[in-house]
Amino acid sequence: MSKIKNLPIENPKYTVDYSNGNMQGKSVIELTKRLKDLPEIFENKQAFDQMDTEKIVYHVQAIFPVEEGREGGLFYGKTIIEPGKVGNEYFMTKGHFHKNANRAEFYWGILGEGVLLLMNEKRECWAEKIFPGSLHYIGGTIAHRTINTGNTPLSFGACWPSDAGHNYQEIINNGFSARLKELDGNPLLESE
Ligand code: PAN
Ligand code: ZN
């Protein structure tokens, strides 16, 4: 006769509030980027210098279930970009290429409205609208930056491989070849 054991059914390690993307659970990492952390990304240096550099531009929450750089794991995150502008350029993330160029990523819109700016290795840019329910596949060799074009916080989720890594330096040195600015109340993508 076989012996039957009863195993416990545990609570999940993490929960997500799908109204805003907020994550809860053990070792959810929190990161805040203020204007003072982003001196290189905005074009209008004069407007930047006149702003309160303590102003929050975006917050990130992330779960790293395995050590960063290890092959085979997945990371999960959520970013909230505050509404705002430096001059006529909208608040945005630093943006990056993945260090490991064949590691892709999914983004999905949760709250607010924005734009996902994409750029390939030939520095060709294109953009997709982000809104609650939008889903974005970002190929491994594509640089990505998100921009809040609305008057309310933009929240989006992300999932990427644990060995993707981040190459911020290329963007710090050379930027994206397009910038998203407000003209007469509407977003306009200006290309080099
Ligand atoms: C995202 C981003 C996050 C913040 O989790 O890291 O939105 O943007 P920056 O990293 O460009 O500051 C992601 O793309 N991970 O790979
Ligand atoms: Zn990424």
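One structure accompanies this document, and this report is about it. Everything numeric in this text was worked out from a predicted model, so none of it was measured.

Definitions and limits used
Residues numbered from 1 in each chain as written. Chains lettered and ligands numbered in written order. Predicted model: local features only at pLDDT ≥ 70, side-chain atom pairs only at ≥ 80, totals over all residues. Heavy atoms only, no water. Phe/Tyr/Trp six-rings, centres within 6.5 Å; stacked < 30°, edge-to-face > 60°. Helix = DSSP H or I, 4+ residues; strand = E, 2+ residues; numbered from the N terminus. Buried < 20%, exposed > 50% of the residue type's maximum accessible area, 1.4 Å probe, protein only. Lys NZ or Arg CZ within 6 Å of the ring centre and 35° of its normal. Donors = N, O, S within 2.8 Å, 3.2 Å for Na, K, Ca; no water. Tetrahedral: all angles 85-135°; square planar, octahedral: opposite > 155°, others 65-115°. Near = heavy atom within 4 Å. Polar contact = N/O pair within 3.5 Å; in protein donor to acceptor, adjacent residues only side chain to side chain. Areas by Shrake-Rupley, 256 points an atom, 1.4 Å probe, with all protein chains shown as cover. Pairing = 2+ DSSP bridges. Contact = heavy atoms within 4.5 Å.

### Section: the packing of aromatic side chains
Between two aromatic rings, the relevant description is the distance of the centres plus the angle of the planes. A complete count under the given rule lists eight aromatic pairs for this structure. Consider the rings of Phe 42 and Phe 91, whose centres lie 6.2 Å apart with planes at 55°: the pair is tilted. Of this pair, Phe 42 sits in the loop between β3 (28-34) and α1 (45-49) while Phe 91 is found in the loop between β7 (89-90) and β8 (105-111), placing the two residues 49 residues apart along the sequence. Taking relative accessible area as the criterion, Phe 91 reaches 0% and is therefore assigned buried. The interplanar angle of 85° and the centroid separation of 4.4 Å between the aromatic rings of Phe 64 and Phe 75 together place this pair among those described as edge-to-face. With Phe 64 in the loop between β4 (56-63) and β5 (74-81) and Phe 75 in strand β5, this residue pair connects regions lying 11 residues apart in the sequence. We classify Phe 75 as buried; its relative accessible area is 1%. Three or more aromatic residues joined by ring pairs make a cluster, and in this case those are Phe 42, Phe 48 and Phe 91. Seen from the ring of Tyr 168, Lys 94 lies directly overhead, with NZ or CZ sitting 4.6 Å from the centre.

### With respect to the coordination of the zinc ion (ligand 2)
Summarising the metal site, the zinc ion (ligand 2) is bound by the protein donors His 96 (NE2), His 98 (NE2), Glu 105 (OE) and His 144 (NE2), whose distances to it range over 2.1 to 2.3 Å. Viewed at the metal, the six donor atoms of the zinc ion (ligand 2) are separated by angles of 75 to 172°, and the geometry they form is octahedral. Mapped onto the sequence, the residues coordinating the zinc ion (ligand 2) show the spacing H-x1-H-x6-E-x38-H. Placement of His 96 in the loop between β7 and β8 and of His 144 in strand β12 (residues 143-148) is noted, with a sequence separation of 48 residues between them.

### Quick word on the site of ligand 1
In the vicinity of ligand 1 there are 15 residues, among which Tyr 58, Thr 79, Gly 95, Tyr 107 and Tyr 168 approach most closely. One of the side-chain N or O atoms of His 166 is found 2.9 Å from an oxygen atom in ligand 1. One nitrogen or oxygen atom from the side chain of Tyr 168 is found 2.5 Å from an oxygen atom belonging to ligand 1. For ligand 1, whose free accessible area comes to 390 Å², the fraction covered by protein is 96%.

### Here's the deal with the pairing of β8
Among the seven residues of β8, five are classified as buried, and the element is accordingly described as predominantly covered. Here four bridges tie β8 to strand β11 (residues 135-138), and the two strands are oriented antiparallel to one another. Note that in β11 the partner of Tyr 107 across the bridge is His 136. As paired strands, β8 and strand β13 (residues 154-161) are joined by five bridges and run antiparallel to one another. Residue Phe 106 lies in a different strand from β13, and its bridge partner there is Cys 159.

### A look at the environment of Asn 22
Mapped onto the elements of the fold, Asn 22 is located in the loop between β1 (14-16) and β2 (23-25). Taking the C-alpha atoms as reference points, Asn 22 and Asn 88, 66 residues apart in sequence, are found 29 Å from one another. Contacts of Asn 22, omitting those with residues within four sequence positions, involve Thr 15, Val 16, Asp 17, Gln 61, Lys 78 and Ile 80.

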